[in-house]
Amino acid sequence: MPPVETEHGQIKARIRELVDTNRVVIFSKSYCPFCKKVKALFEELNVTCEVLELDLIENGSSYQDVLTEMTGQKTVPNVFVNKTHVGGCDKTMQAYKDGHLQQLLGAESTAYDYDLIVIGGGSGGLACSKEAAALGKRVMVLDYVVPTPLGTTWGLGGTCVNVGCIPKKLMHQTALLHTALEDARKFGWEFSEAVSHNWETMKTAVNNYIGSLNWGYRVSLRDKSVEYTNAYAEFVEPHKIKATNKRGKETFYTAAKFVLATGERPRYLGIPGDKEYCITSDDLFYLSYCPGKTLVIGASYVALECGGFLAGLGLDVTIMVRSILLRGFDQDMANRAGDHMETHGVKFLRQFVPIKVEQLEAGTPGRLKVTAKSTETDELFEGEYNTVLIAVGRDACTGSIGLDKAGVKVNSKNGKVPVNDEEQTNVPHIYAIGDILEGKWELTPVAIQAGKLLARRLFAGSSVKCDYVNVPTTVFTPLEYGSCGLSEEKAIEYHGEENLEIFHSLFWPLEFTIPGRDNNRCYAKIICNKLDSDRVIGFHYLGPNAGEVTQGFGAAMKCGVTKEQLDNTIGIHPTCAEIFTTMEVTKRSGGDIKQSGC
Amino acid sequence: MAARLLVRRTWAVSVKGFRRLPAAAAAAASSSSRSSSLNTSAHTRSFLSPSRSLPLSSHRCISFNVQDHDDFTERVINSDLPVLVDFHAQWCGPCKILGPRLEKAIGKQKGRVAMAKVDIDEHTDLAIEYGVSAVPTVIAMRDGNIIDQFVGIKDEDQLDSFVNKLIGQ
Ligand SMILES: Cc1cc2nc3c(=O)[nH]c(=O)nc-3n(C[C@H](O)[C@H](O)[C@H](O)COP(=O)(O)OP(=O)(O)OC[C@H]3O[C@@H](n4cnc5c(N)ncnc54)[C@H](O)[C@@H]3O)c2cc1C
Ligand SMILES: NC(=O)c1ccc[n+]([C@@H]2O[C@H](COP(=O)([O-])OP(=O)(O)OC[C@H]3O[C@@H](n4cnc5c(N)ncnc54)[C@H](OP(=O)(O)O)[C@@H]3O)[C@@H](O)[C@H]2O)c1
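Rules and cut-offs
- Residues numbered from 1 in each chain as written.
- Chains lettered and ligands numbered in written order.
- Predicted model: local features only at pLDDT ≥ 70, side-chain atom pairs only at ≥ 80, totals over all residues.
- Heavy atoms only, no water.
- Helix = DSSP H or I, 4+ residues; strand = E, 2+ residues; numbered from the N terminus.
- Buried < 20%, exposed > 50% of the residue type's maximum accessible area, 1.4 Å probe, protein only.
- Contact = heavy atoms within 4.5 Å.
- Areas by Shrake-Rupley, 256 points an atom, 1.4 Å probe, with all protein chains shown as cover.
- Near = heavy atom within 4 Å.
- Polar contact = N/O pair within 3.5 Å; in protein donor to acceptor, adjacent residues only side chain to side chain.
- Nonpolar A, V, L, I, M, F, W, Y, C, P; charged D, E, K, R; others polar.
- Domains from an automatic or database assignment.
- Pairing = 2+ DSSP bridges.
- Axes fitted to C-alpha atoms, helices over the stretch in contact; angles between N-to-C directions.

Q: Describe the overall build of chain B, listing the residues and the values that go with them.
A: The helix and strand tally for chain B stands at 7 helices and 5 strands. Seen in sequence order, chain B has helices and strands lined up from the N terminus as α-α-α-β-α-β-α-β-α-β-β-α. Classification of the 169 residues of chain B by burial places 51% in the buried group. Across chain B, contacts joining residues at least 24 apart in sequence account for 76% of those joining residues at least 6 apart. Of the accessible surface of chain B, which amounts to about 7700 Å², a share of 55% is contributed by carbon and sulfur atoms.

This is the structure in C-alpha cells:
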C-alpha cells in the first residue's frame, strides 16, 4: 500500500477511536470563533470534551479531508456527541436549543443542583430569580447581610427596601409633613402646642413597615418556588459556590448559570475614627436615638437626601462638600437644589475634606470632634457634632465572592463588573445586574427590569434587552429634583451647544403661595435637539412631587416626544407639571423666567 | 447602639427533613378537619383524658414561646393537649392586639388547651413550612394535625368559639 493510503487509514482509525471513547469530541481550529462558541457551550453545560485543534497539529489538513469523507462536512467545528455526528456550530446550537443535544449527552448533563443560582437577594436578584422560577427553572437565591462596623443588620430584600429608597422616602415624607404643619397655620389650622418630633416613633414605624416587606419577600419566594438560602455566597469553581451561613456552616451548590446581584455598600473614608465613631446610611435608618447635630460628609445624592430630611426634622445639619454637588447630575439643577437647602437652614462647608474624627463623649448620641482641611488652602476646620454621617459613595460587593476562581473580570479601580449589552460577563455562564454594573444606572427599577429581562432571555427565548437610555430618576432633596435623559453638560458634549435649544422657567406652586414660601425657587428645564425635530433629550424639574411628575414625562420621552408635541399637549390646571406645556423662554435669549399669576 | 442586631435577621434553613411539607400542603390541610399528612407523632391518647390534660406542668407552661424546631416538635406536635399556634411578628400591629386576647381565651379553658407563640422572624423556617403568608396567623393543632386556622384579628367571642371548637365543646 502507498504511504498516503496508510496515513489516511491511520487517521480514520484515530478519529474512530476518539469518537468511540469520548463523550464529546470537537474537531476545531484554535482561532475559529465558531469553534470557540461551541467549546463555550459545552463548558457552560459542564461537559468535558476532547478537543483536537487541527491548526495546531502536524497533519491537521489530512484530518479535515478524512472528516469530510466521513461526515460530508468540510468545515470546523465538527462535533460528535456519544458517537453521533452532530455537525458544525449552527447545528450544535440548534440541537442545544431544541433539546436534542441534551438527549444525546444523556442524564449526566443535568448534574447541576440548579439551573440558576442568583447571588444577592436585592432588587435585581429577587426579580431575576422569581422570573426564572416562574419559567419552570430550578432556582436558588442567596442573600446575606454583612453587619455594618457598628453592628446594624437587616432582613431580606437588599438595599432599597432596608437601607435605601424605602426608609429614605418615608423619612423624607416625615420632613415634608413638618413643612406642611407650618403651612397649615397659614391656611387657618389652629393648634396651640409647639410641634415636636419623636425620632423613636418614626424609626419604629419605618422599621416595622420594612419588617413586613422582608416577610413579604420571603413568602413570595416560597410561593414562586425559589429556593432561598440566608448565607454568604462565594465561587469556589466556575460552576460551584460555597454558602456560609450565620453559624459558619458551609454548604456547596452547583448551577448551570449564575447571576451576580450583590449590590454595593457605603464606602468609608480611611481616616482615623471613621469606622469607630461615624455612621453611614446603613446605620441611620435603624438608629435608636435622634442623631442630633449632624455633619454629613460628601455631596452624593445619598448625602443631600439624608442631610435634607434630617434638617427637615429640625436638626442642625452641616454638609461637607469636597468639590461639587451631585457629580454626574445637571449642575444648574444640583446647585438650585443645594441653594434651596441652604435657604432652609442646611449649612454647607465647601471645599473641605475630613482628616480625623475623635470621640469627646460616648452616648446616644455622643459628642464627636471632626477635623477637616481645606482642599485649596492650608486652613484647618474643627467642629463638634453629635453624629457624623459618611456618604462619599458606595463600593461594589465584588471583592470577596471568589470571582477570580470563576474567572470573572472586574474593573480593578472600582470593583465594578463589565458586561455586554445582555448583562453577560466575560465568563459566558455568569451574568451580572444592578448596582455592580460598570457605567449603568444605580436604581432599583433598573435592577428589577434588567433581572426580569435577563431571566426571560435565558429561559424563555426572549431577545428583549434592558434599555438603559432615558431612565427617569428623582433625587429626594427637600425640594425634589426629577430628571430624565441628558444633563445640560452632557447634551452640549454630545450634540454641541449650537444644536440645542433649551427652554426653562421658574414657577411658584399654588400650594406655596398662601404660606408665602419659596417663590420662584422651583424650576423647569427641557433640552431639545434642533437637528432632530426639537426632540426632548433632557428633562429637568425642581419642585414638589418630582417623582410623580417625572415618571409621566419619562414615558413621553420613551415615545420620542418633541417640543411641538409638548406645546400641543393641554395642561392640567392648576398643577406644577403643566409648566412643561407652556415653555416659551429659551435659555439662549436670556429672557425673564419669573412667573406671576395664571 | 444599632437597633436591629443579628438576632433579628430572618433566617431560613434549607427545606429538608423528615417532617417538612410544602406550604401548599399545609394550607390545604388547614381546611380539612383532620389530615394525616402532618401526623408524625405516634400519640393516639385521648386529649380529653382528664389525668393527661391537666398535669401540673402544662398548667405552668400553658402559653409559651417556641424556642426552635425541636421545641416545636416536642411541645406542639407531640403535645398531649390541643395547641393554638400564634404566628406573630414584632412589626405587626394587629398581632399586639390579638396576642392578649388569645391569652385570655386560653386562660378560660383552665389548662385544656395550650398556646405556642412563634415569632416568624426568629423562626422563619417554621412559618414558611406552615404556609404562613400574613400575620397574625393562628393555627389550631391536635395530635400534630392542623385542624383549623385563621388569619387576622378576631374578637373575644369569636376566639372563644374557635377554642371551644378545638377542644370539642
Ligand atoms: C440611601 C439610598 C437611597 C436610595 N434611594 C433610591 C431611590 O429613591 N430610588 C431608587 O430607584 N434607588 C435608590 N437607591 C438605589 C437602590 O437601592 C439600588 O440601586 C438597588 O437596591 C440596587 O439593587 P441590586 O439588586 O443591585 O443590589 P441590592 O439591592 O444592594 O442587593 C444586593 C444584596 O446582595 C446581598 N449580598 C451581597 N453579597 C452577597 C454574597 N456574597 N452572598 C449573599 N448575598 C450577598 C446584599 O446583602 C444585598 O442584600 C438608593 C440607595 C441608597 C443607598
Ligand atoms: N440618579 C441616580 O441614582 C444616580 C445619578 C448619578 C450617579 N449615580 C450613581 O450612584 C452611585 C452612588 O452614588 P453616591 O451618590 O452614593 O456616590 P457618588 O456619586 O460616587 O458620589 C460620591 C460623593 O462623595 C464625595 N466624596 C468621595 N470621596 C470623598 C472624600 N474622600 N472626602 C469627601 N468627599 C468625598 C464625592 O465628591 P467629589 O464630587 O468631589 O468626587 C461625591 O460628592 C455612583 O457611583 C453613581 O454612579 C446615581
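Q: Help me get a handle on unusual backbone geometry, residues and values and all.
A: Residues and elements named next belong to chain A. Residues Thr 364 and Pro 365 are joined by a peptide bond in cis, for which omega reads 0 degrees. Cis geometry is found at the peptide bond from His 573 to Pro 574, where omega equals -5 degrees. One can find Pro 574 in the segment after helix H19 (563-568). One non-glycine residue, Asp 534, adopts positive backbone phi at about 55 degrees. Mapping Asp 534 onto the fold places it in the loop between strand S25 (522-529) and strand S26 (535-542).

Q: Could you give an account of the site of ligand 1, with specific residues and numbers?
A: All names here are of chain A. Among the 35 residues in the neighbourhood of ligand 1, the closest are listed as Gly 124, Asp 143, Thr 159, Lys 168 and Asp 435. Lys 168 is positioned such that a nitrogen or oxygen atom in its side chain is 2.8 Å from an oxygen atom of ligand 1. At 3.0 Å from an oxygen atom of ligand 1 is found a main-chain nitrogen or oxygen belonging to Thr 444. Taken by itself ligand 1 offers 1000 Å² of open surface, and the protein chains cover 95% of this. For the shell around ligand 1, the secondary structure elements donating two or more residues are helix H6 (123-134), helix H7 (158-163), helix H8 (165-186), strand S8 (231-237), helix H12 (301-312) and helix H15 (444-459). With 4 residues, H7 is the single largest residue contributor to the shell around ligand 1. Looking at side-chain class alone, the shell around ligand 1 contains 18 nonpolar, 12 polar and 5 charged residues. The two domains that each donate at least three residues to the shell around ligand 1 are domain 2 (114-263 + 397-460) and domain 3 (268-394).

Q: Describe in detail the site of ligand 2, supporting the description with residues and values.
A: All names here are of chain A. Neighbouring residues of ligand 2: 17 residues in total, closest Ser 300, Arg 322, Ser 323, Arg 327 and Glu 442. Within the side chain of Arg 322, an N or O atom sits 2.8 Å from an oxygen atom of ligand 2. Residue Ser 323 places a side-chain N or O atom 2.4 Å away from an oxygen atom belonging to ligand 2. Surface burial for ligand 2 is 80%, taken as the share of its 910 Å² of free accessible area covered by protein chains.

Q: Would you mind going over the sheet that holds strand S22 (residues 473-475) of chain A in detail, with residue names and values included?
A: Residues and elements named next belong to chain A. Strand order across the open sheet formed by 5 strands is S22-S23-S26-S25-S24, with antiparallel pairing between neighbours. Each end of this open sheet is capped by a strand with a single partner; those strands are S22 and strand S24 (500-507). Taking each pair of neighbouring strands and ignoring which way they run, the sheet shows an average axis angle of 15 degrees. The sheet contact formed by S25 and S26 spans 7 bridges and is antiparallel.

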